[in-house]
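# Per-entry structural report
Here is how the chains run, residue by residue.
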Amino acid sequence: MQIQVNTDHNIHGGEGLATYVTTELETALSRFGGWLTRVEVHLSEDGGSKPDDKKCVIEARPGGKQPVAVTHHAATVDDAYAGAAHKLGRLLDSRYSRAHDHKGSDSIRHMPAPEDEEPQA
């Protein structure tokens, strides 16, 4: 799983912020590691003097599926990131469990293929 962190010119943190976000996401999304190919984090500041002017958008790209994105606004960058990461975790739990647990039993799509039997002569 590849993680990319992008910030706008109003967000300060540099490599320290990118390292923190990357490590936190790797830990939080480790159970989806084989399912996700890429995760992009966008940290920005909405203009103005609003109390919740920091924004975090996290986009996750599951292999072979449409990407999903979540957004969270907060007063600080840390709170915006934490809120978005929490929302993404819930969203992926829902999508992943729906794809792999069909009405409480294994889905036929995820059952192993039957073993080839020997051809009869």
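Residues numbered from 1 in each chain as written. Predicted model: local features only at pLDDT ≥ 70, side-chain atom pairs only at ≥ 80, totals over all residues. Heavy atoms only, no water.

## Quick notes on the confidence of the model for the protein
In low-pLDDT regions, the fine details of the predicted coordinates are not to be read closely. Our working rule: pLDDT is a residue-level measure of predictor confidence that goes from 0 to 100. By definition, any uninterrupted DSSP run of H or I lasting at least four residues is a helix, any uninterrupted run of E lasting at least two residues is a strand, and each is numbered from the N terminus.
Here the protein averages 81 in pLDDT, and 78% of its residues register 70 or above. For the protein, helix 2 (residues 77-100) is the element with the lowest average pLDDT, namely 85, and strand 4 (residues 68-74) is the one with the highest, namely 93.

## With respect to the environment of R61
Formally: Residues are treated as being in contact if the distance between any of their heavy atoms lies within 4.5 Å. Nitrogen and oxygen atoms within 3.5 Å of one another constitute a polar contact, given that in protein one can donate a hydrogen and the other can accept it, and given that sequence-neighbouring residues count only through two side-chain atoms.
Tracing the chain through its elements places R61 in strand 3 (residues 54-62). In contact with R61, other than residues within four places in its own chain, are L36, T37, R38, E40 and P67. Among the polar contacts listed, one links the side chain of R61 to the side chain of E40, at a separation of 3.5 Å.

## Focus on the packing of aromatic side chains
Which entries qualify depends on this criterion: Each aromatic pair joins two rings of Phe, Tyr and Trp (for Trp, the six-membered one) with centres within 6.5 Å, and gets the label stacked for planes under 30 degrees apart, edge-to-face for over 60, and tilted for any other angle. Burial classification: accessible surface area is computed with a 1.4 Å probe over protein chains only, and a residue below 20% of its type maximum counts as buried, one above 50% as exposed, and the rest as partly exposed.
On inspection of all chains with the given rule, the structure shows two aromatic pairs. Both rings, one in Y20 and one in Y81, keep their centres 6.0 Å apart while their planes meet at 70 degrees; by these two values the pair is edge-to-face. Of this pair, Y20 sits in helix 1 (residues 14-28) while Y81 sits in helix 2, and the two are 61 residues apart along the sequence. For Y20, a relative accessible area of 38% puts it in the partly exposed group. Residue class for Y81 comes out buried when judged on its relative accessible area of 5%.

## A look at the pattern of salt bridges
Applicable threshold: Should a side-chain nitrogen of Lys or Arg be within 4 Å of a carboxyl oxygen of Asp or Glu, the pair is scored as a salt bridge.
Evaluated as defined, the whole model comprises six salt bridges. One salt bridge in this structure joins R61 and E40, with 3.5 Å as the shortest N-O distance. With R61 in strand 3 and E40 in strand 2 (residues 36-45), this residue pair connects regions lying 21 residues apart in the sequence. R61 gets classed as partly exposed once you look at its relative accessible area, which sits at 30%. A salt bridge links R61 to E59; the shortest N-O distance between them is 3.2 Å. For E59, a relative accessible area of 19% translates into the label buried. Connected via shared salt-bridge partners are R38, E40, E59 and R61.

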